[in-house]
Amino acid sequence: MKKVHVFNAGPCLLPQVAIDKTIEAMKDFAGTGISVLSISHRTKEWDSVMDECRALWKELLHIPDTHEVVFLGGGASLQFLYVAMNYLEKKAAYLDTGVWAHKALVEAQGIGEAYAIACSKDKNYTYIPKGYEIPKDIDYLHITTNNTIYGTEIHEDYDCPVPLIADMSSDIMSRPVDVSKYDLIYGGAQKNVGPAGVIFAIIRKDSLGRVTRHLPTMLNYQTHIDKLSMFNTPPVFAIFVMNETLKWLKSIGGVEAMYEINKKKAGILYDEIDRNTMFVGTAEKEDRSLMNVCFVMAPGMEELQDEFFAFAKERGMVGIKGHRSVGGFRASLYNACSVEDVEALVACMKEFEALKK
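Undergrad: So what about helix α4 (residues 99–109)? Which residues, and what values?
TA: Among all positions in α4, only A101, A104, L105 and A108 are buried. Buried residues of α4 fall within an arc of 100° about the axis and therefore sit on the same side. Considering only its buried residues, α4 is in contact with α3 (75–87), β3 (91–96), β4 (113–119), β5 (141–144) and β9 (184–188).

The following block contains the structure:
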């Protein structure tokens, strides 16, 4: 098999051990003689997976007893609606830092009064707004901690005077998080913790039940807490893979160890971007994402973009094309992406520079 280095923005690269365990389970799940693709979610064997996966989330992120973890289908985009339905009573503020942050805001505006408290669109979302005042009369502040398209990231857990809700789709489990500071953390699994098809929601239990509107049963977070994420048939296969991925993460030292690896990977690539005469980074340095490294050809070198794509592809680089809305390059360094993968990309960039000098 050809050696490739995968930098896809999602679905993510998964650890090989999780893939291997999944292949085994597709043939015979937990000694049942049944594939995990066909297993009933109403069996003790499946209950064990759900219990283990929930426990791993709590252990790896040090989730306090005040919060519960649920797994749902529908993708993070559906959670934009869940958030507003469950938390928006009078008005809410959103930090508009990119496409997905803006889409979350628009969805909330269909439910009630919601507005952008600050926005970085003036510079094509290349920075995280700062210095804005958070009013105390809002129901919540919504943030998107990592912006996959533009390569910016919020690197801290805000001290917020109102309930704080965060879409952590693309940086969950990549760094330590003080979960106690959030009323809700949600996201899709397909960036760091599993395949597409399942979302996670970490919910402060006493934050629910504050809205007066009728909540449809399926759109009520309390439904899924009460039924342990099995009010309806859960996305069984995706949860199984997520569980195996979290077991791998625990085996290498957990989130704290992963954070050090992620800082190293990003540092190696950003250092090369800053050094290499052929490329330039697009995000403000203080807000650069550890997960999605975005860059373009240096001024005067733009005509070499397609040539570099072809050059990199020949050397096994996969998924480095920037989002269609911004162009350029994007290397996503999610958890299962290795230091060796990043070093291979850097070597490719150096080789290309040497050829063009």
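From this point, the discussion proceeds with the structure in view.
Undergrad: Lay out the sheet that holds strand β14 (residues 329–332) in plain terms, naming residues and giving numbers.
TA: Read from one edge of the open sheet, three strands run β11-β12-β14, paired in antiparallel fashion. Each having just a single partner strand, β11 (279–281) and β14 make up the two edges of the open sheet. The sheet shows a mean angle of 35° between the axes of neighbouring strands, direction not considered. Across three bridges, the pairing between β11 and strand β12 (residues 292–297) is antiparallel. Of the residues in β12, the one forming a bridge with V280 is V296.

Undergrad: I'd like a description of the sheet that holds β9, backed by residues and values.
TA: The seven strands lie next to each other as β2-β10-β9-β8-β5-β3-β4, forming an open sheet whose pairing is mixed. Only two strands of the sheet have a single partner each, and these edge strands are β2 (67–72) and β4. In this sheet, neighbouring strand axes are inclined to one another by 20° on average, regardless of whether the strands run parallel or antiparallel. One ladder, built from five bridges, connects β9 with strand β10 (residues 199–204); its direction is antiparallel. Bridging across to β10, L184 finds its partner in I203. Those strands touched by α3 are β2, β3, β5, β8 (164–167), β9 and β10, and its axis lies near 155° from that of β9.

Undergrad: Talk me through the pattern of salt bridges; I want residue IDs and the actual numbers.
TA: If charged atoms from side chains of opposite charge come close, those side chains can pair. Per the counting criterion, the structure on display carries 22 salt bridges. Between D51 and R54 there is a salt bridge, with its nearest N and O atoms 3.3 Å apart. A residue pair is termed a helical-turn pair when its members lie 3 or 4 positions apart in one helix, as D51 and R54 do in helix α2 (residues 44–60) at three residues. Taking the relative accessible area as the measure of exposure, R54 reaches 8% and is therefore buried.

Undergrad: Give me the lowdown on the packing of aromatic side chains, citing residues and values where you can.
TA: Under the definition given, this model contains 17 aromatic pairs. With a centroid separation of 5.1 Å and an interplanar angle of 35°, the aromatic rings of Y82 and Y221 are classed as tilted. Of this pair, Y82 sits in helix α3 while Y221 is found in helix α5 (residues 221–226), placing the two residues 139 residues apart along the sequence. Like Y82, the residue Y221 is buried in the burial classification. With centroids separated by 5.3 Å and ring planes inclined at 90°, the aromatic side chains of F308 and F329 adopt a geometry described as edge-to-face. Of this pair, F308 sits in helix α8 (residues 305–314) while F329 sits in strand β14, and the two are 21 residues apart along the sequence. You can call F308 buried: its relative accessible area is 0%.

Here is what the cut-offs are and how they apply
Residues numbered from 1 in each chain as written. Predicted model: local features only at pLDDT ≥ 70, side-chain atom pairs only at ≥ 80, totals over all residues. Heavy atoms only, no water. Buried < 20%, exposed > 50% of the residue type's maximum accessible area, 1.4 Å probe, protein only. Helix = DSSP H or I, 4+ residues; strand = E, 2+ residues; numbered from the N terminus. Arc of directions from axis to C-beta. Contact = heavy atoms within 4.5 Å. Pairing = 2+ DSSP bridges. Axes fitted to C-alpha atoms, helices over the stretch in contact; angles between N-to-C directions. Salt bridge = Lys/Arg side-chain N within 4 Å of Asp/Glu carboxyl O. Phe/Tyr/Trp six-rings, centres within 6.5 Å; stacked < 30°, edge-to-face > 60°.

That's the geometry; what it means functionally is another story.
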